[in-house]
Amino acid sequence: MTEPQSAMPSPPVSPTTSRRRFLQITAVGTAAAAAGLALTPPAEAITSFIHPGVLHKLSDIQRMKSRIAAGTEPWLSGWNVFKADPYSQSTYTMLGPYASVDRGTTEVHNWELWNDCNAAYENALMWNLTGTTAHAAKALQIIKGWSAALTSVTGKDAQLAASIYGFKFAAAAELMRYTAPSGSWSAAEITQTENMIKNVFVPLVRTFGDAGWGTNCIKAMMAFGVFCNDTTLYNAAVDAFYLHSCCKISRVLSDTGQCVDSGRDQAHTQLILGSMAEACEIAWIQTQDLYSASANRLLSGFEYTAKYNLGNDVPYAVWGSCAATYNSISTAERGKLRPIYEMVHNHYVKRRGISTPWTYAAIQRIRPEGAAFQCDHVGFGTLLFTL
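Bear in mind the structure is a predicted one, so any value in this text is a computation, not a measurement.

Rules behind the numbers
Residues numbered from 1 in each chain as written. Predicted model: local features only at pLDDT ≥ 70, side-chain atom pairs only at ≥ 80, totals over all residues. Heavy atoms only, no water. 1 Å grid on protein atoms, 1.4 Å probe; cavity = no way out; pocket = protein on both sides within 12 Å on 5 of 7 lines; lining within 4 Å. Points joined across faces, edges and corners; volume = space filled by probe spheres on them. Helix = DSSP H or I, 4+ residues; strand = E, 2+ residues; numbered from the N terminus. Nonpolar A, V, L, I, M, F, W, Y, C, P; charged D, E, K, R; others polar. Core = buried A, V, L, I, M, F, W, Y, C linked by side-chain atoms within 4.5 Å. Buried < 20%, exposed > 50% of the residue type's maximum accessible area, 1.4 Å probe, protein only. Contact = heavy atoms within 4.5 Å. Salt bridge = Lys/Arg side-chain N within 4 Å of Asp/Glu carboxyl O. Arc of directions from axis to C-beta.

(A) Quick look at empty space enclosed by the protein. One pass over the structure, following the stated rule, counts four cavities of 30 Å³ or more. When its volume is computed, the largest cavity comes out at roughly 70 Å³. Forming the walls of the largest cavity are Gly-274, Ala-277, Glu-278, Pro-339, Ile-340, Met-343, Glu-369, Val-378, Gly-379, Gly-381 and Phe-385. Sort the elements by how many residues they give to the lining of the largest cavity and helix α11 (residues 266-285) lands first, with three residues. Looking at the lining of the largest cavity residue by residue, the class counts come to six nonpolar, three polar and two charged.

Here it is, written out as structure tokens:
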């Protein structure tokens, strides 16, 4: 492995935000933001979608299948980890569905929802990678069951549940909508899934929020828009990515790569990085380049965080989110690298030809990437995102 270098190559000029409407969205969500989903998207906003288009398009699936069949590394090692994961089993026992879920207060059925969302997503991928119909049946059992039952998400962390779990749910549903065995998912059942997302998840997510709350809402709203074929939902999320006062890319990451949560702990820092990367990957599939926003600010964040979590010193300025300020960088959970690095490395290096020395060093520490903590990330990037 090449020794990481701290110097970053000069990135290309990022797209300006002038092409997007100036939507004033506050940290807590204003009335305008809540009503913003009814506004007309800007002229250069998305007007149609590529499907499947939440994290994986059909050519991505074919790439994985061909690499697995050929026994090529590192895909094979990534596949061996993915297929052995408990959530990837067609024999997974569904824990729900339930009408109501609470996160952060009573915790009623919170555990059941995020476990089932993981299993739906991983079985949807397993169906696409193996052609085994039992995996398709399991993914659809979970999607249909929760779509028919869930009417509310409550608790002080309801927005996190709706965004984090909802994102994984929508990613599974998007794959199955366009690849499910013929006749296995009716038009009425698909509409029921869309309605559940719009009636239960969207009202909680649409106001976005501060720091990690907001960045998780951005990726979720983008996924909801793609699955529901709703460009207004999707474009509102892209607006927030560029313009929201507390969760836009240039607010959650400084130009040095320092994150608003770098002084909080390294787990929440990586949660923000991972969620923004997932948003960027969805946009890339939809022919939008969010990765290069603010002079490749996302890469700066990954490089800074990887370098620090690999035991190196990084500069720190007193800073924080809209809600909290931190005087020094946090050592809490330092060195516990989350499975978020392969996606970003492959984009910048393979697609763009930009070096990612510290991100790559982090990958070497944890490759093959495995499952994420709970439902926080996609995980399994060695298989899913190596190009």
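The discussion continues.
(B) Layout of the nonpolar core. Residues Phe-201, Met-222, Phe-224 and Leu-298 are the most contacted members of the largest nonpolar core, which totals 113 residues. Per-element tally for this core: the top contributor is helix α6 (residues 158-179), with 14 residues. Aside from chain neighbours lying at most four places away, what touches Met-222 is Tyr-234, Ala-237, Val-238, Ala-279, Ile-282, Ala-283 and Leu-290.

(C) Representation of the pattern of salt bridges in the model. Tallied over the entire structure, the rule returns eleven salt bridges. In this structure, Asp-261 engages Arg-264 in a salt bridge whose closest nitrogen and oxygen atoms are separated by 3.6 Å. What makes Arg-264 partly exposed here is its relative accessible area of 38%. Taking the shortest distance from any N to any O, the salt bridge between Arg-338 and Asp-376 comes out at 2.9 Å. Remark: Asp-376 occurs in the loop between α14 (357-366) and α15 (381-384) and Arg-338 occurs in the loop between β4 (325-326) and α13 (341-351); sequence separation between them is 38 residues. The residues Arg-338 and Asp-376 share a single accessibility class, namely buried. Several salt bridges converge on common partners, so that one network encompasses Lys-57, Asp-60 and Arg-63.

(D) Representation of unusual backbone geometry within the structure. His-51 connects to Pro-52 through a cis peptide bond whose omega is -15 degrees. Inspection of the secondary structure puts Pro-52 in the loop between α1 (31-35) and α2 (58-70). That bond from Gly-96 to Pro-97 is cis: its omega, 5 degrees, falls within 30 degrees of zero. Along the chain, Pro-97 falls in the loop between α3 (75-84) and β1 (100-102).

(E) Broad picture of the layout of surface pockets. Of the voids in this model, the largest pocket is the one considered here, and its volume is about 450 Å³. Contributions of two or more residues to the lining of the largest pocket are made by α6, α8 (211-227) and α11. Residues belonging to the lining of the largest pocket are distributed by class as follows: eleven nonpolar, four polar and nine charged.

(F) Geometry of α3. For α3, the set of buried residues is Trp-75, Gly-78, Trp-79 and Phe-82. Angular distribution of buried residues about the axis of α3 spans 100 degrees; they occupy a single face of the element. Buried positions along α3 lie against α2, α4 (110-130) and α15.

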